[in-house]
Amino acid sequence: MILKVIVVDDEPLAVNVLKNYIERVKELQLEGTFSNALDASTFLRDNQVDIMFLDINMPFLDGLEFLSTLHKKPFVIMTTAHEEHALKSFELEAIDYLVKPISLPRFFKSVDRVIGLKRGLGNGSSDKDEKPSIFVKVDKKKLQKIYLEEIMVIESLKDYIRIITPTAKYIIHSTLSSFTDELPGDNFLRIHRSYTIAVDKVSVVEGNSVEIGGIRYTIGRSYLSDAKSRILNDLTD
């Protein structure tokens, strides 16, 4: 499956970043880049497009105004330096909202969602059966797909983190705070300045520690009250 992609953004640096990311995904084919919505609109009238990466602040017509004029939309992924337009973007049926500077894992998470949706539409099913996942860069050239349901613990290693699953451990260049922010808060919980855990993987709670996969992890003093309440509620549900 090849998905045709366009980028609509008047910032050359942002366009180059997206072009580089797009080239790393074998399912994506870049059809063109446009510095304003008017040129993109002309292209859309005459060409099939599956995914459009759309900036908000552009000359002539901003991204949200442009999106509101489209009757037949491709999958639209907003790209902007401003967080405050997210609600309006989703009201206009954007599939995702990426805040610049866009990280490679966040880009892959968004694209993977669209690929899942397209596959679902192609076989008559929905995306509900697609397991949520992320791509992480484990070396200079390799991107590893990890299903969120497999993650047990994320451990801080200063400028790196270790992602622990039942079958493997992955070390990537990221901070624990920024990586945790990308995870769904309904299951992942920061319990220490060095640990984020998957709540549903906790098997034992004792004192100021939890056990996951046979290993004890300390809950930090400032996290203790909220963490134990959250974990115990999950264990008793």
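Since the structure is predicted, the reported quantities are computational estimates derived from the model, not experimental observations.

Topic: the overall build of the protein
The number of helices and strands found in the protein is seven helices and 15 strands. Considered along the principal axes of its C-alpha atoms, the protein spans approximately 65 × 35 × 35 Å. Within the protein, buried positions represent 46% of all 237 residues. Sequence-distant contacts, at least 24 apart, represent 49% of the contacts inside the protein between residues at least 6 apart.

Notes on the UniProt feature "domain: HTH LytTR-type" (unreviewed entry) in the protein
Under the UniProt annotation, "domain: HTH LytTR-type" (unreviewed entry) lies at residues 148-202. Helix makes up 11% of residues 148-202 and strand 44%, and the two end C-alpha atoms of the span are 15 Å apart.

Quick look at the sheet that holds strand β14 (residues 209-212)
Read across the open sheet, the three strands follow the order β13-β14-β15; overall the sheet is antiparallel. Here the strands that pair on one side only, and so sit at the sheet edges, are β13 (204-206) and β15 (215-218). Strand after strand, the sheet turns through a mean of 25° between neighbouring axes, direction not considered.

Quick word on the UniProt feature "modified residue: 4-aspartylphosphate" (unreviewed entry) in the protein
The positions UniProt marks with the feature "modified residue: 4-aspartylphosphate" (unreviewed entry) are D55. Position of D55 relative to the elements: it lies in strand β3 (residues 51-55). What makes D55 buried here is its relative accessible area of 2%. Those residues in contact with D55 that lie beyond four places of it in its chain are V8, D9, D10, E11, G63, M78, T79, T80 and K100.

A short note on the packing of aromatic side chains
Scanning the entire structure with this criterion turns up six aromatic pairs. Where F53 meets F107, the ring centres are 5.5 Å apart and the plane angle is 20°; that geometry is what we call stacked. With F53 in strand β3 and F107 in helix α5 (residues 104-122), this pair connects stretches of sequence that are 54 residues apart. F107 shares its class with F53; the two are buried. When the centroid spacing of 5.2 Å and the interplanar angle of 75° are considered together, the rings of Y195 and Y217 count as edge-to-face. Note that Y195 is positioned in strand β12 (residues 195-198) and Y217 in strand β15, a separation of 22 residues in sequence. Each of the two residues, Y195 as well as Y217, counts as buried.

Thoughts on the side chain of D9
Among the secondary structure elements, D9 is positioned in the loop between β1 (3-8) and α1 (12-23). What makes D9 buried here is its relative accessible area of 3%. Looking at D9, its side chain comes within polar contact range of the main-chain nitrogen of E11, at 2.8 Å. In terms of polar contacts, D9 uses its side chain to reach the side chain of K100, at 2.8 Å. Once residues within four sequence positions are removed from consideration, D9 is found in contact with A14, V15, F34, S35, D55, M58, T79 and K100.

Quick word on the nonpolar core
Ranked by size, the top nonpolar core spans 24 residues in total, and within it L28, I51, F53 and F107 carry the most contacts. Elements that contribute at least two residues to this core include exactly β1, α1, β3, β4 (75-80) and α5. A per-element tally of this core places α5 first, with seven residues. Setting aside residues no more than four positions away along its own chain, F53 makes contact with V5, I6, V7, V8, L18, I22, I77, T79, F107 and V111. Among the nonpolar cores identified, the runner-up in size contains 22 residues, and L67, V76, M78 and L92 belong to it.

What counts and how
- Residues numbered from 1 in each chain as written.
- Predicted model: local features only at pLDDT ≥ 70, side-chain atom pairs only at ≥ 80, totals over all residues.
- Heavy atoms only, no water.
- Helix = DSSP H or I, 4+ residues; strand = E, 2+ residues; numbered from the N terminus.
- Buried < 20%, exposed > 50% of the residue type's maximum accessible area, 1.4 Å probe, protein only.
- Contact = heavy atoms within 4.5 Å.
- UniProt positions renumbered as here; feature names shortened; annotations may be inferred.
- Pairing = 2+ DSSP bridges.
- Axes fitted to C-alpha atoms, helices over the stretch in contact; angles between N-to-C directions.
- Phe/Tyr/Trp six-rings, centres within 6.5 Å; stacked < 30°, edge-to-face > 60°.
- Polar contact = N/O pair within 3.5 Å; in protein donor to acceptor, adjacent residues only side chain to side chain.
- Core = buried A, V, L, I, M, F, W, Y, C linked by side-chain atoms within 4.5 Å.

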